[in-house]
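The residues making up each chain are set out below.
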Amino acid sequence: MQPLIEIRNASKVYGSGSAAVHAVREANLEVAPGEVLLMMGPSGSGKTTLLSMMGAILRATSGSIKLLGQEIVGMKESRLPDIRRNNIGFIFQGFNLFPALTARENVEEALKLKGFSRAKARDEAARLLDQVGLGDRAGHHPADLSGGQKQRVAIARALAGDPKILLADEPTAALDSTSGYTVMEILSTLARDHGRAVVIVTHDSRVLDYGTRQVHIEDGRLAEPVLTEGALA
Amino acid sequence: MSTLAWKNLFHDKIRLFVTLTGIVFALVLIIVQFGLFLGFLETTANVVVYSGADLWISAPGIPHVNAGAPMLEKRRYKALSVAGVERVDRFALNFVNWRLPSGAEQAIQVAGFDLNGRMGGPWNLIEGSVEDLRGEDTIILDELYKQKLGVERVGETVEISNRRARVVGFTSGIRSFTTSPYIYTSFKNSQNYTQIASGETYFLLVRLQPGADPQAVKAALGEAIPGVEVSTNDEMAKRTQNYWLFSTGAGITTLLGAFLGLVVGVVVVAQTIYSATVDHIREFGTLKAMGARNSYIYRVIIEQALLSATMGYAVAICIGIFISRSSAAGEAVILLPNEMIGGVFLLALGMCVAASILSIRKATTIDPAMVFKG
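To start, this report covers the structure provided alongside it. This is a predicted model, so every value here is computed, not measured. (Residues numbered from 1 in each chain as written. Chains lettered and ligands numbered in written order. Predicted model: local features only at pLDDT ≥ 70, side-chain atom pairs only at ≥ 80, totals over all residues.)

### A few points about the overall build of chain B
Next up, step 1: When helices and strands are tallied, chain B shows twelve helices and twelve strands.
Next up, step 2: Its C-alpha atoms give chain B a radius of gyration of 28 Å, more than 25% over the compact-globule value 21 Å for 374 residues.
Next up, step 3: Overall size of chain B, expressed as C-alpha extent along the three principal axes, is 90 × 50 × 35 Å.
Next up, step 4: Here chain B holds 374 residues, and the buried ones make up 44% of them. (Helix = DSSP H or I, 4+ residues; strand = E, 2+ residues; numbered from the N terminus. Rg over C-alpha atoms; globule rule 2.2 N^0.38 Å. Buried ≥ 20, exposed ≤ 12 C-beta atoms within 10 Å, placed from the backbone.)

Here you go:
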């Protein structure tokens, strides 16, 4: 099966000469549809940098990164927003919801970015919030939602436009166990039942069972991928 | 209008209040300082601006209208012979003393004009008429100076240069830049108060025939009458304004005040809008991660700035109009002409958009790690 994410010898170097910092070194990685890849490693190991490179936010210094078969290293800066908008959904540790907007408006904003009309965005936002079990909280502002509910709104927002890739940075770090499991269940389902590639940066050992694969990163180097129990089940 | 721009502004009422307070403060400061400056300019040259004359003939080299020097009146006839001249009238403006009810003296400026031509005469009459000045020793003064000069009503008799004078009318808003109020009277009466020698005048005011070219007539008058200086009305007004503006501490202070008002206003608005934008920097970073083009982020930020500017302007201009109207009763007027009302709106929009553009770079070059980290 064609991987949705293909990374070949990708590196990210900040600065140059003796002051150069190698945030990511010669990374090689593939993520196939239906996979939930857990990316683990100590703080400062390069996890978020690699996630940003996969998300077409940070440009690799060298190597190759293909998203849905499309090379993004060397792509013109002005085209990267289109790649992100059309192919990737982001889920953040701090939720990053717009506090001035209701849950529905948060999702609508993402849909409007993707070209939905106001009316269609409204209907689709309602459907996506239903999908994450928050149909009844659509009119609430983030400040009126629990951490788990906020993260589910963030997932609904990330699903706007039906992206094939979901990138999540510590999605359960700010959640209690129950909310964390709920979020992971949703992400697993989105990968398994909808053929999406889900990459999760995490320190949270509670989520290990939900991954189909783990990779470890340390000092910018990826260790050999290993199968998790979740993947074997 | 984007939902995000609108809701970002109105969601946090306290932040909105702080933002608008900053903008309103800055705009009111600019309105007051520039209004004072415009008031200063108008007050220094109002006698010239409202004179109704097209050209002024004066002794050569006078620095401003309040420093005229005597010259021979018979030059009037030579001026009348120049093509394009319709009328030439005498005009005197001179400092003399007014006796206050207390017995003390107060300096005033007597403006003596020709009652038939009316050039150099009073405007904005609120009581009495210019025709009343045909009576001997009659004067018109501005209501602003009633208290200062100890006058309450028409018909009162006062003393100027040890001669009696009778108040026959009042004007409104004819201020003097100096501490000496203008007192209007006929040229003939002014000769009694100012001791102008018979056959002399301080100025000759020229009215042109319809269609005559002021510059051509000015040149012709200069050739026909040696030993005088001929100025257009605008030139005399500018000369007077420039003298008081650049040659006196008050003028330079007012000019600097207007300049500093603008600088402080711009800085306050820039800081206010910049802070308001940077407060949302994480949200703009999130939008960018979601695939928003920079142009979309620019739009949201600029819409927020335009909304803030419009709301701040609406409040500021109301305050400005109130202050301007309140100042009409005082000696220091704050002018707020329509051009300034429009200009301040454009300035508000420009300042807010410029300040938001400063913060746009920060929003569009945001470190992605900031977006990903809680």
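That was the structure; now back to the text.
### Quick notes on the overall build of chain A
Next up, step 1: A tally of helices and strands in chain A yields seven helices and eleven strands.
Next up, step 2: Computed over the C-alpha atoms, the radius of gyration of chain A is 17 Å, within 12% of the 17 Å expected from 2.2 N^0.38 for a compact globule of 233 residues.
Next up, step 3: Its C-alpha atoms give chain A principal-axis dimensions of roughly 55 × 40 × 35 Å.
Next up, step 4: Per-residue burial for chain A yields a buried fraction of 52% across its 233 residues.
Next up, step 5: For chain A, the proportion of contacts with a sequence separation of at least 24, taken over those separated by at least 6, is 67%. (Contact = placed C-beta atoms within 7 Å.)

### Examining the interface of chain A and chain B
Next up, step 1: The interface of chain A with chain B comprises 27 residues on the first partner and 19 residues on the second.
Next up, step 2: Secondary-structure elements contributing two or more residues to the side of chain A that touches chain B are helix H1 (47-54), helix H2 (80-87) and helix H3 (103-113) of chain A.

### Some details on the nonpolar core
Next up, step 1: With 174 residues, the main nonpolar core has Met-39, Leu-187, Val-198, Val-199 and Ile-200 of chain A together with Leu-27 and Ile-57 of chain B as its most contacted residues.
Next up, step 2: The greatest single-element share of this core, amounting to 18 residues, is contributed by helix H2 (residues 13-49) of chain B.
Next up, step 3: Residues within four places of Met-39 of chain A in sequence aside, it is in contact with Lys-47, Leu-50, Leu-51, Val-199, Ile-200, Val-201, Val-215 and Ile-217 of chain A. (Core = buried A, V, L, I, M, F, W, Y, C linked by C-beta atoms within 7 Å.)

### Observations concerning unusual backbone geometry
Glycine aside, residues mostly have negative phi angles, and peptide bonds mostly take the trans form.
Next up, step 1: Positive phi is not limited to glycine here, since Asp-219 of chain A has a value of about 50°.
Next up, step 2: Take Asp-219 of chain A: it is sitting in the loop between strand S9 (213-218) and strand S10 (221-222).
Next up, step 3: Overall, Asp-219 of chain A belongs to the partly exposed group, with 13 C-beta atoms counted inside 10 Å.
Next up, step 4: Residue Asn-162 of chain B is not a glycine yet carries a positive backbone phi of 65°.
Next up, step 5: With respect to the secondary-structure elements, Asn-162 of chain B resides in the loop between strand S7 (157-160) and strand S8 (163-171).
Next up, step 6: Given 9 C-beta atoms within a 10 Å radius, Asn-162 of chain B is considered exposed.

### Brief notes about the sheet that holds strand S2 (residues 21-31) of chain A
What holds strands together in a sheet is hydrogen bonding between their backbones, with the strands either parallel or antiparallel.
Residue and element names in this part refer to chain A.
Next up, step 1: The strand order across the open sheet formed by four strands is S2-S1-S4-S5, and the pairing between neighbours is antiparallel. The sheet is open, and its two borders are formed by S2 and strand S5 (70-71), each paired with just one other strand.
Next up, step 2: Judged from the two bridges that link them, strand S4 (residues 62-67) and S5 form a sheet pairing that is antiparallel. Bridge pairing links Lys-66 to Glu-71 in S5.
Next up, step 3: Packing against the sheet, H1 makes contact with strand S1 (5-14), S2 and S4, and its axis sits at approximately 55° to S2. (Pairing = 2+ DSSP bridges. Axes fitted to C-alpha atoms, helices over the stretch in contact; angles between N-to-C directions.)

### Focus on the pairing of strand S9 (residues 182-186) of chain B
All names here are of chain B.
Next up, step 1: Within S9, five of the five residues are buried, leaving the element largely enclosed by the surrounding structure.
Next up, step 2: As judged from the five bridges shared by strand S4 (residues 105-113) and S9, these two strands associate in the parallel manner. Looking at the pairing, Gly-112 lines up with Thr-185 of S9.
Next up, step 3: For strand S6 (residues 138-142) and S9, the ladder comprises two bridges, and the chain directions are antiparallel. Bridge pairing in S9 places Leu-141 opposite Ile-183.

### Digging into helix H5 (residues 187-194) of chain B
Residue and element names in this part refer to chain B.
Next up, step 1: Phe-187, Asn-189, Ser-190, Tyr-193 and Thr-194 are the residues of H5 that are buried. Around the axis of H5, the buried residues are gathered within 150° of arc, so they sit on the same side.
Next up, step 2: The inward-facing, buried residues of H5 abut strand S3 (85-99), S4, S6, S7, S8 and S9.
Next up, step 3: Following H5 by one or two positions, Gln-195 has its phi on the positive side, about 60°. (Arc of directions from axis to C-beta.)

### What about the packing of helix H5 (residues 147-158) of chain A against helix H6 (residues 177-192) of chain A?
Residues and elements named next belong to chain A.
Next up, step 1: The interhelical angle for the contact between H5 and H6, taken along N-to-C directions, is 15°, at an axis separation of 9 Å. Looking at the two axes, H5 sits roughly parallel to H6. For H5 against H6, the interelement crossing comes out right-handed. Counted together, Gly-147, Gly-148, Gln-151, Arg-152 and Ile-155 of H5 and Ser-179, Thr-182, Val-183 and Ile-186 of H6 form the full contact between these two elements.
Next up, step 2: Across the contact of H5 with H6, the residue classes break down as three nonpolar, five polar and one charged. (Parallel < 35°, antiparallel > 145°, perpendicular 65-115°, else oblique. Left-handed = near helix turned anticlockwise from the far one by under 90°. Nonpolar A, V, L, I, M, F, W, Y, C, P; charged D, E, K, R; others polar.)

### Comments concerning helix H4 (residues 118-131) of chain A
All names here are of chain A.
Next up, step 1: For H4, with 14 residues, the first-to-last C-alpha span of 20 Å sits near the 20 Å given by 1.5 Å per residue.
Next up, step 2: Taken together, the buried positions of H4 are occupied by Ala-121, Glu-124, Ala-125, Leu-128 and Leu-129. Buried residues of H4, seen end-on, are gathered within an arc of 140° and therefore sit on one face of the element. For H4, the exposed residues lying more than 90 degrees away from the buried face are Ala-119 and Arg-127.
Next up, step 3: Contact partners of the buried residues in H4: H3 and H5. (Expected span 1.5 Å × (residues − 1).)

### Examining the pairing of S4 of chain B
Residues and elements named next belong to chain B.
Next up, step 1: With nine bridges joining them, S3 and S4 adopt antiparallel strand pairing. By the bridge assignment, Asn-94 is partnered in S4 with Val-110.
Next up, step 2: Hairpin remark: S3 followed by S4, antiparallel, with five residues in the connecting loop; positive phi at Gly-103, about 100°.

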